[in-house]
There are 4 protein chains.
Amino acid sequence: MSSEFGKKLTVSIFGQSHGEAIGCVVNGFPAGEEIDFDKLSRFMDRRRGGKGAHSTLRAEADKPEFLSGVAEGKTCAFPLCAIIKNADKRSGDYSALQNTPRPGHADLTAYFKWGRNVDMRGGGHFSGRLTAPICVAGGIAKQILERKGVFIGAHVSQIAGVKDASFPVFPEKAMFDEISEKKIPVIDDQAGDEMLSEIEQARLSLDSVGGIVECAIIGVPEGLGNPMFDGVENRLAQAIFGIPAVKGVEFGAGFEAANLRGSQNNDAFFFDEKGRVRSETNHSGGILGGITTGMPITLRAAFKPTPSISGKQKTVNLETKENTEIEISGRHDPTVVIRAVPVVEAVCALTVLDMMLEENQ
Amino acid sequence: MSSEFGKKLTVSIFGQSHGEAIGCVVNGFPAGEEIDFDKLSRFMDRRRGGKGAHSTLRAEADKPEFLSGVAEGKTCAFPLCAIIKNADKRSGDYSALQNTPRPGHADLTAYFKWGRNVDMRGGGHFSGRLTAPICVAGGIAKQILERKGVFIGAHVSQIAGVKDASFPVFPEKAMFDEISEKKIPVIDDQAGDEMLSEIEQARLSLDSVGGIVECAIIGVPEGLGNPMFDGVENRLAQAIFGIPAVKGVEFGAGFEAANLRGSQNNDAFFFDEKGRVRSETNHSGGILGGITTGMPITLRAAFKPTPSISGKQKTVNLETKENTEIEISGRHDPTVVIRAVPVVEAVCALTVLDMMLEENQ
Amino acid sequence: MSSEFGKKLTVSIFGQSHGEAIGCVVNGFPAGEEIDFDKLSRFMDRRRGGKGAHSTLRAEADKPEFLSGVAEGKTCAFPLCAIIKNADKRSGDYSALQNTPRPGHADLTAYFKWGRNVDMRGGGHFSGRLTAPICVAGGIAKQILERKGVFIGAHVSQIAGVKDASFPVFPEKAMFDEISEKKIPVIDDQAGDEMLSEIEQARLSLDSVGGIVECAIIGVPEGLGNPMFDGVENRLAQAIFGIPAVKGVEFGAGFEAANLRGSQNNDAFFFDEKGRVRSETNHSGGILGGITTGMPITLRAAFKPTPSISGKQKTVNLETKENTEIEISGRHDPTVVIRAVPVVEAVCALTVLDMMLEENQ
Amino acid sequence: MSSEFGKKLTVSIFGQSHGEAIGCVVNGFPAGEEIDFDKLSRFMDRRRGGKGAHSTLRAEADKPEFLSGVAEGKTCAFPLCAIIKNADKRSGDYSALQNTPRPGHADLTAYFKWGRNVDMRGGGHFSGRLTAPICVAGGIAKQILERKGVFIGAHVSQIAGVKDASFPVFPEKAMFDEISEKKIPVIDDQAGDEMLSEIEQARLSLDSVGGIVECAIIGVPEGLGNPMFDGVENRLAQAIFGIPAVKGVEFGAGFEAANLRGSQNNDAFFFDEKGRVRSETNHSGGILGGITTGMPITLRAAFKPTPSISGKQKTVNLETKENTEIEISGRHDPTVVIRAVPVVEAVCALTVLDMMLEENQ
């Protein structure tokens, strides 16, 4: 349902921002897979934006505890449950917070759906914090995929109008590793510096910026996916739109294909030296008819600017039924895009592993 | 699975381009809904692009026969099956066609998935022709939605670089109706003329062009949708990527949000004269946290150029394992974008009706 | 949803008793599987009870037409749609029929659910006739399973208190074939004769009789199924209760296990001459913890007596809100049990094939 | 998937017998529902068999901690996660335990499915202990249902050949309450005493006994459920077979219907004094065509004898590939039937609530 996705590998996310704990239950991880907890921890750190001052504002431990599904450091055939305790939980009458819904947040729509019967403290279940258990599940999926020769990398493709270079037609694992070590995960460091500068300017003007994450998945077996509504694009898009703030998803040339002619957009096939079918361009993003070609899967996800900004904003008072203004106090993260990079990788890993497991690959 | 979507309203599409018939089975239409068959027929005609020379090349009757689920002109509580017989079916050894997969088509990936055991005559189940039964199901869904006050309209937002105007923040049914009557469904007729000229140029150079369809859904109840992976965006995107040639989907400001600051992108709320919460802008596309705000839902889908073009193209011979060239004979539709307009509407109608039925709305 | 089941192999059944046609759509049959249409036809004949006078009352052709999913006599990777046209369709105001619901039928509950907006002519979508498309799908599944070494047989285990012998611990394909050729599919012909006599007596007294079908599935790979809610029992039971008139399902010793001690009920394991783990008894019905042991899967399904009987019966008039009586005219089939035998096989075949395909077996 | 069930209300169970914790995640509880934690605790106690010496052998606290989905004592719109920590967790090389699989347990089938890569200490995820989180979820569902006027009661219908009385045609809440307070939950206390005596005898002979649980659900709205594969019977059966040791499920007259004639089995309808359609008998178990009649839903589930018995049993050594014997040490519960009574109620509550929520009831 709402907080679950997947078919043979199902991921269920639970928790509110200020509840006891957040976590995930994953059904369907192959049994006997070793989990490298240090590597998982480093992956989780990327989501916390730990390397710079640009993105995280409060220290969160975010260390997952594994309640089930793991024995002797390996997956043990049964549902995996991992939880992350909330250090920062608050009680008290939270329903009052919903009277003046913050623009760009789910406050208003949560009110429409559940009235006062909803725990929206700190964003509730809509909080970006819920991407932490997605990264626990996805980090393990990435490790399993790597043993199958499938590697996933992402970078900030654009922030506030500043564009990074694109992945080459054939990105490699080494590139993914290098990017993931950077303070800001980009290909072109100069673009990265400009992005940081844009973020800083936004922060100083109490504003925020949006951006785009580009992701590539290499080593995916050819022939994965199904026609029409169960293709690789359908499945990835459905999952990626589950990441807070995503407003667009495109594959290969994506919206740019609208500017191309067929003679430009078609990827011409050839046999490479290993006898594999390849193409010199990859406008299809590695997917034709919903099914993988064996070329890298490439996609881009658009993130809106963080809706939490510090200036005055117009809104409504749902109790008095009058128009009003609010000012959101506290320090805010001026962009979610950098922290979103490993989250996109995590969601892609879970979806691709799910689809491979469906084919027993 | 692959050719099915929906939860409480499920749509299953079957058929190959050159098989006996194509069709759909829909479970979950509300009982007792009158079907206006003339209106349905006019809706189907829009997919055939019947009004101009730009899009259709062969006459297809496309008249659906209803085998079940309809009695006395109304839905009758049980699964609806409608079929469209294929006038143009051919037998013979079709497997040979797959030796030299056409770039941009699913020929190669179908071969990877099923080897020779697949009926790819005329594109098989991947053919654009399969959008006809989608329109049967979606056309009925549209009629049911209209009785609930929900209206769906779409237009060609871009073809080959030529851009139409965008829907206003509050589009109205009359506008949808007007657009749907046009030879090319656009808001700005001059843009439409330029598009037709681009299409004609592509056709003359034996090439094809891609484009974008913008769709708006008005009258959707507020509070529809669920958090995370079962929001309105997740569900619509999953379904829309089921339309052949779609390579990108975005909601509201979409990818443009990457260029905006939070102060620009946030939609400020106010009470309108009827006491409804509205916003002056609609960068959210009517969806916050996956749940509807009551504002129009707006989305855009990118279509790649028709992969069938007439010039020589490089490809591989899967039998001889040699690189080769092909030339695709016959006349081709230089763009799918115009015909895709009602298909986008149909898929949106089915998805929104499904989500409304889940809430018994 | 309602008329669909399966995960990787999904079966969707459509049609009303007096509509244009009934049929099925199956997604997920492996590609390239030859269909023996004669064999399928013989399988369908068993459902029609064609060999004796005991069960069928009107001649139905029941010949399926394949609209999609089949090419050159083989499954072709895409959704298979087969239809059976209704020779005996009637129009006219059918809603009146629902005023006095027939006891034991779905007339009353259909009225509760859909009011007058439902096509209940001849039982509508609840008619036993809808088991014909189940047999089309299941008959093909059986053929595919046989190539994998999996064989399914069923017999009338009980009718009106007369009991047939039970399958031995290790039933064989030859036994299944032999039973399927009989006028009444039983192991012990004398029991069969007594059953026929009971049926005849019921018929003469304008009454009907219930019974039990026992089914065995041999050759199923060990290790099939999943814990808790997705075990082989869960899946088979969910599907078998979809056959009209089924009121109970049990596996292995089933309800009899309530009378046994653990020391009697536990099946002791041993290695057979081929090194396979086997047990001398099979009280588990080949399933432990929801997962197959490699022993035959055995199950029994209870069928209620045909609710259509000829005497006067008390019922209500839903229009006048008064208690009343009805007499159901026409000749009725005094038992569904004999015709249900291949239907049980069909449903088991589809479910087991689905679960095997999920494991790529 | 495997450890999940439900559609609009989904229940996911996780945990191994000797892992860190067991628990559940429930998506879809209505928001704002107060949870009576004392009442829930008393319900949980019934599963522990706390009132007598007949069933529990070790003290378990089984107190659930709520990590999410609850705020200020109410459901808060988001996924509910509850965990029960395992006091009795053991580490060490557990894989050795699987060499000689215990007859009647899932040891063998787990080995077939996952080889050594499975945590089967104490039965792993197959342990009866996993019914505790089912009762947490189901206990809350029961409380919500009671506010909707739906009440669920169950009793031990049979143990080791000793039969309790059956529920009357119209059981009442007071009866359910009374039974639930008893040392052994039966209608006829004398039958209860005989059952206890049978259990004691089995215990003394180091053996175990099976039995049957009868469950009734009153107050269910008429018209609930869907045709064919998504009826009330299909859904309940699928879920009930998820309770460990269940080998049969029947509704209404169930297998007994095989002995009845149609004239006996059909339930004659009449209007009761409140103008509701009722029937004097309830052989249908409140379900016709998969849809509720408004009469009580009645069902029976057969439980096999506890497979853990103390004598020597034949089995195989999967390592040496030789036939061998095992003796299972420790004290064992001679029957699961008494403890299963609230578990059956819990599963029924979750399923019925799910189906009601699907209809927004």
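(A) Representation of the overall build of chain A. Helix and strand content of chain A: eight helices and 18 strands. On C-alpha atoms alone, chain A measures out to a radius of gyration of 21 Å, which is about the 21 Å that the 2.2 N^0.38 rule sets for 361 residues. By principal-axis analysis of the C-alpha atoms, chain A measures approximately 70 × 50 × 40 Å. Within chain A, contacts between residues at least 6 apart in sequence are counted, and of these 72% link residues at least 24 apart.

(B) Here's a closer look at the pairing of strand S11 (residues 246-251) of chain C. Residues and elements named next belong to chain C. Counting buried positions along S11 gives six out of six residues, so the element sits mostly inside the fold. Inspection of the sheet shows S11 paired to strand S16 (residues 297-303) by five bridges, in the antiparallel sense. From the neighbouring strand, Glu250 faces S16, where its bridge partner is Arg300.

(C) Focus on the pairing of strand S2 (residues 10-14) of chain B. Residues and elements named next belong to chain B. Most of S2 sits inside the fold, with five of its five residues counted as buried. What you see with S2 is no split at all: Thr10, Ser12 and Phe14 on one side and Val11 and Ile13 on the other are buried throughout. For strand S1 (residues 4-5) and S2, the ladder comprises two bridges, and the chain directions are antiparallel. Note that in S2 the partner of Glu4 across the bridge is Ser12.

(D) Quick look at unusual backbone geometry. Its identity as a non-glycine residue notwithstanding, Glu72(C) has a phi of 50°, on the positive side. Within the secondary structure, Glu72(C) sits in the loop between strand S5 (70-71) and strand S6 (74-75). Although it is not a glycine, Ala77(D) sits at a positive phi angle of roughly 85°. Within the element layout of this structure, Ala77(D) appears in the loop between strand S6 (74-75) and strand S7 (80-85). Taking the C-beta count within 10 Å as the criterion, Ala77(D) has 26 such neighbours and is therefore assigned buried.

(E) Molecular detail of the interface of chain B and chain A. Contacts between chain B and chain A engage 86 residues on the former and 86 residues on the latter. Residues of the side of chain B that touches chain A, tallied by class, amount to 39 nonpolar, 34 polar and 13 charged. The pairing of strand S11 (residues 246-251) of chain A with strand S11 (residues 246-251) of chain B spans three bridges and is antiparallel. Each residue of the ladder has a partner; that of Gly248(A), found in S11(B), is Glu250(B).

(F) Local environment of the packing of helix H1 (residues 37-48) of chain B against helix H8 (residues 337-358) of chain B. Residues and elements named next belong to chain B. Closest axis-to-axis distance for the H1/H8 pair is 6 Å, and the angle between their directions is 145°. For the pair H1 and H8, contact is made by Phe43, Arg46 and Arg47 and by Arg339, Val341, Pro342 and Val343, respectively. Its residues assigned to classes, the contact of H1 with H8 shows four nonpolar, no polar and three charged.

(G) Structural detail: the sheet that holds strand S2 (residues 10-14) of chain C. All names here are of chain C. With antiparallel pairing, five strands are arranged side by side in an open sheet as S1-S2-S3-S7-S4. Each having just a single partner strand, strand S1 (4-5) and strand S4 (65-68) make up the two edges of the open sheet. Here strand S3 (residues 21-27) pairs with strand S7 (residues 80-85) via six bridges, running antiparallel. Directly across from Gly23, in S7, lies its bridge partner Ile83.

(H) Local environment of the relation of the copies chain B and chain A. For the pair chain B and chain A, the relating rotation is 180°, the translation along its axis is 0.0 Å, and the fit reaches an RMSD of 0.0 Å. These values place the two chain copies in the arrangement generated by a two-fold rotation axis. Both copies present the same face, since 100% of the interface residues in chain B are matched by interface residues at the equivalent positions in chain A.

(I) Inspection of the sheet that holds strand S3 (residues 21-27) of chain A at higher detail. Residues and elements named next belong to chain A. Here we have five strands laid out as an open sheet, ordered S1-S2-S3-S7-S4, and antiparallel in their pairing. Each having just a single partner strand, strand S1 (4-5) and strand S4 (65-68) make up the two edges of the open sheet. Relative to S3, strand S2 (residues 10-14) runs antiparallel, the two being bridged by five bridges. Opposite Thr10, over in S3, you have Asn27 as the bridge partner. Set on the sheet, helix H3 (residues 131-147) makes contact with S2, S3 and strand S7 (80-85); between it and S3 the angle comes to about 35°.

(J) Inspection of the packing of helix H6 (residues 232-240) of chain A against helix H8 (residues 337-358) of chain A at higher detail. Residues and elements named next belong to chain A. Contact geometry for H6 and H8: axes closest at 10 Å, N-to-C directions at 140°. Here H6 is positioned oblique relative to H8, judged by the angle of their axes. Crossing geometry of H6 relative to H8 is assigned as right-handed. Judged by residue contacts, Val232, Arg235, Leu236, Ala239 and Ile240 of H6 engage Val344, Val347, Cys348, Leu350, Thr351 and Met355 from H8.

(K) Fine view of the confidence of the model for chain A. Residues and elements named next belong to chain A. Considering every residue of chain A, the mean pLDDT works out to 93; 94% of them sit at 70 or more. Ignoring residues within four places in sequence, the model shows residues 50-59, a span with pLDDT below 50, making 19 contacts including any to other chains. ipTM for the predicted complex: 0.96, alongside a pTM of 0.97.

(L) Local environment of helix H2 (residues 107-114) of chain A. By the criterion of burial, H2(A) is predominantly enclosed, with eight of the eight residues buried. Within the sequence span of H2(A), burial applies to Asp107(A), Leu108(A), Thr109(A), Ala110(A), Tyr111(A), Phe112(A), Lys113(A) and Trp114(A). The inward-facing, buried residues of H2(A) contact strand S12 (269-271), strand S13 (277-279), strand S14 (287-288) and strand S15 (291-292) of chain B. After H2(A) finishes, the residue Gly115(A) shows a positive phi value of roughly 60°.

(M) Region of the structure containing the environment of Lys274(A). Within the fold, Lys274(A) resides in the loop between strand S12 (269-271) and strand S13 (277-279). A sequence separation of 11 residues divides Lys274(A) from Gly285(A), and the C-alpha atoms of the two residues are 21 Å apart.

(N) Representation of helix H1 (residues 37-48) of chain C within the structure. Residues and elements named next belong to chain C. The terminal C-alpha atoms of H1 lie 17 Å apart, and with 12 residues this matches the ideal 16 Å at 1.5 Å per residue to within 8%. All of the buried residues in H1 are Phe43, Met44, Arg46 and Arg47. Looking straight down H1, one finds its buried side chains confined to an arc of 145°; they lie on one side. Against the buried residues of H1 lie helix H3 (131-147), helix H4 (173-181) and helix H8 (337-358). Phi turns positive, to about 60°, at Gly49, one or two residues after H1.

(O) Inspection of the environment of Glu20(B) at higher detail. Take Glu20(B): it is sitting in the loop between S2 and strand S3 (21-27). The class for Glu20(B) is partly exposed, based on 19 C-beta atoms found within 10 Å.

Rules used throughout
Residues numbered from 1 in each chain as written. Chains lettered and ligands numbered in written order. Predicted model: local features only at pLDDT ≥ 70, side-chain atom pairs only at ≥ 80, totals over all residues. Helix = DSSP H or I, 4+ residues; strand = E, 2+ residues; numbered from the N terminus. Rg over C-alpha atoms; globule rule 2.2 N^0.38 Å. Contact = placed C-beta atoms within 7 Å. Buried ≥ 20, exposed ≤ 12 C-beta atoms within 10 Å, placed from the backbone. Pairing = 2+ DSSP bridges. Nonpolar A, V, L, I, M, F, W, Y, C, P; charged D, E, K, R; others polar. Axes fitted to C-alpha atoms, helices over the stretch in contact; angles between N-to-C directions. Least-squares fit on C-alpha atoms with pLDDT ≥ 70 in both. Parallel < 35°, antiparallel > 145°, perpendicular 65-115°, else oblique. Left-handed = near helix turned anticlockwise from the far one by under 90°. pLDDT = per-residue confidence, 0-100. Expected span 1.5 Å × (residues − 1). Arc of directions from axis to C-beta.

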